[in-house]
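# Commentary on secondary and tertiary structure
Now for the letters of each chain:
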Amino acid sequence: MSYRTEEVAYVQPAQPAAAAQAAQQQRSTAEYRALDAAHHIHPFSDMGSLNRSGSRVIVKAQGVYLWDSDGNKIIDGMAGLWCVNVGYGRKELADAAYRQMQELPFYNTFFKTTHPPVIELSALLAELAPEPFNHFFYCNSGSEGNDTVLRIVHQYSATQGKHSKKFVISRKNGYHGSTIAGGTLGGMGYMHEQMPSKVENIVHIDQPYFFGEAEGNLTPEEFALARAQQLEAKILEIGADNVAAFIGEPFQGAGGVIFPASTYWPEIQRICRKYDILLVADEVIGGFGRTGEWFAHQHFGFEPDLITLAKGLTSGYVPMGAVGLHDRVAKAIIENGDFNHGLTYSGHPVAAAVAVANLKLLRDDKIVERVKTDTGPYFQKKLRDTFANHPIIGEISGAGLVAGLQLAEDPKARKRFANGGEVGTICRDFCFNGNLIMRATGDRMLLSPPLVINKLEIDEIVAKAKYAIDATAQQLGIS
Ligand code: PXG
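Every value quoted in this text rests on a predicted model; they were computed, and no experiment measured them.

The four strands are arranged S1-S2-S3-S13 in an open sheet whose pairing can be described as mixed. Bordering the open sheet on either side are strand S1 (58–62) and strand S13 (436–437), each of which pairs with just one other strand. Relative to strand S3 (residues 73–76), strand S2 (residues 65–68) is paired through three bridges, and the arrangement is antiparallel. Opposite Leu-66, over in S3, you have Ile-74 as the bridge partner.

Below you can see the structure in the form of structure tokens.
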């Protein structure tokens, strides 16, 4: 997740500014950059070097395209930050927010009160989520969702009289957010280093990253099974009576779009059931259609006890997160007195109204179905046809409209570049200058476009990605 900015060679764009956009623009690019540098601290950034190179100022968006303050039209291969599932400029969502702000801009859900948008949203989520998920708790982000997960997990253990169940197991190179709990649950070393006071009783096992970490002649299935079995070893080491939950992203998003082989999740589920440990699927990226299923755990065929939701819940139009509780967990929480957790904006009416409009679009326009049967398979095939024998692509992972391309020095021998992150940055910069947003995680290039993307736009993304990856190979002297 490191956005090292010093290497970004930002090339002054050649395209003329779009007239419509210039009319809305209050200031010149130079003025925006100067004010941004003077007053704004960006997330996960080296501000000294970013201020020297200058940020790109994004001023508007429509469909799968962004425009910057110089009039460049950029294709968004990342749906913002993995969140703009219905694409930009959907009036239905703007109208829902406008209407709700006039009707009831805020009311809380603490004072034995509720309101129509949060009621409609909860009922709709219960309809769209798999059968055992009928109860939802709301917050403002994925990070807060995972904080909430910890609170529910511990409350659940208490209701079962299992007060010693304090530990939660997660994975190295997992990402679960940037609050203290989210950052501790995640397995990003560079985040842990900046957190002297982490949350207690959280431990990590290894990730199922076949290309980077499998040794010997293990097949992907054997490797994934071995990695899942680390969970059992860790539970036995800590003692099953001390372990409350395991949390993982069905596929790792920020960690590099790492898709475990089919053996992984069934084994994780078996182990969790065997030792009476709650299984949490962090669906913040995978939820709401990304893989072609409504939820990524459905793609991998397992049944979690809790699901963390955010991003695609509102397609990023307004902030909102949620936790879905399996009936057996919900029952325990509902029947056992106070649950001492909540946020001013839990179930915020405007966010809930936007979420309802967003989910209805995903459902009624059959956007998720299209990802599953049409655009998803097209995107995956196009990537594989284009990069299967590329001299620096070692693996193509993904399903639906999410993909990871592994850059490698020797793809057949599964040999990674010694300076992997630098190679990813080179490639990312070629994309950036070619007006494609493609994210680099170390030496993996990631794509996760809006789910409304059409085939022509997919062709454009893949062509631009090919240009950037070819240019990277050329710069490295590989052809
Ligand atoms: N869980 C997962 C799986 C995530 O991907 C969070 C929780 C936290 O959500 P909030 O809403 O608190 O950010 C995330 C967030 C990136 C990137 O560049 C990824 C995320 C956030 C910011 C940047 O890949 N994922």
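Still more to cover.
So, about the packing of aromatic side chains. Scanning the model with the defined rule gives nine aromatic pairs in all. Taking the centre distance of 5.9 Å and the plane angle of 80° together, the rings of Phe-137 and Phe-339 count as edge-to-face. In this pair, Phe-137 is assigned in strand S4 (residues 133–139) and Phe-339 in the loop between helix H14 (327–334) and helix H15 (349–364), connecting sequence segments 202 residues apart. Look at Phe-339 and you get partly exposed, because its relative accessible area is 22%. Site record: aromatic cluster; members linked through ring pairs are Phe-246, Tyr-264, Trp-265 and Phe-302. If you follow Lys-60 out to its NZ or CZ, it ends over the ring of Trp-67, 4.6 Å from the centre. In this structure, Lys-73 packs its charged tip against the face of Tyr-65, placed 4.1 Å from the ring centre.

Here we take up helix H11 (residues 220–238). The terminal C-alpha atoms of H11 lie 28 Å apart, and with 19 residues this matches the ideal 27 Å at 1.5 Å per residue to within 8%. Buried positions along H11 lie against strand S5 (167–171), strand S6 (202–205), helix H10 (210–213), strand S7 (243–248) and helix H12 (264–274). A positive backbone phi angle near 100° is found at Gly-239, which sits one or two residues after H11.

Rules and cut-offs
All residue numbers refer to position in the chain's written sequence, counted from 1. Local features in a predicted model are, by the rule used here, given only for residues with pLDDT of at least 70; side-chain atom pairs are given and counted only at 80 or more, and totals for whole chains, interfaces and linings are based on all residues. Computation of side-chain values: all heavy atoms of the structure, hydrogens and water removed. Pairing between strands is defined by DSSP: at least two bridges between them are needed. Helix and strand labels come from DSSP, where a helix needs a run of H or I of at least four residues and a strand needs a run of E of at least two; each type is numbered from the N terminus. Aromatic pairing here means that ring centres of Phe, Tyr or Trp (its six-membered ring) are within 6.5 Å. Orientation follows from the plane angle: under 30 degrees is stacked, over 60 is edge-to-face, and everything else is tilted. The cut-offs for exposure are 20% and 50% of the maximum accessible area for each residue type, with area from a 1.4 Å probe on protein chains only; residues under the lower value are buried, those over the upper are exposed, and the others partly exposed. Whether a charge lies above a ring is judged from NZ of Lys or CZ of Arg, which has to be within 6 Å of the ring centre and within 35 degrees of the ring normal. How far a helix is expected to stretch is found by multiplying one less than its residue total by 1.5 Å. Two residues form a contact once any of their heavy atoms are found within 4.5 Å.

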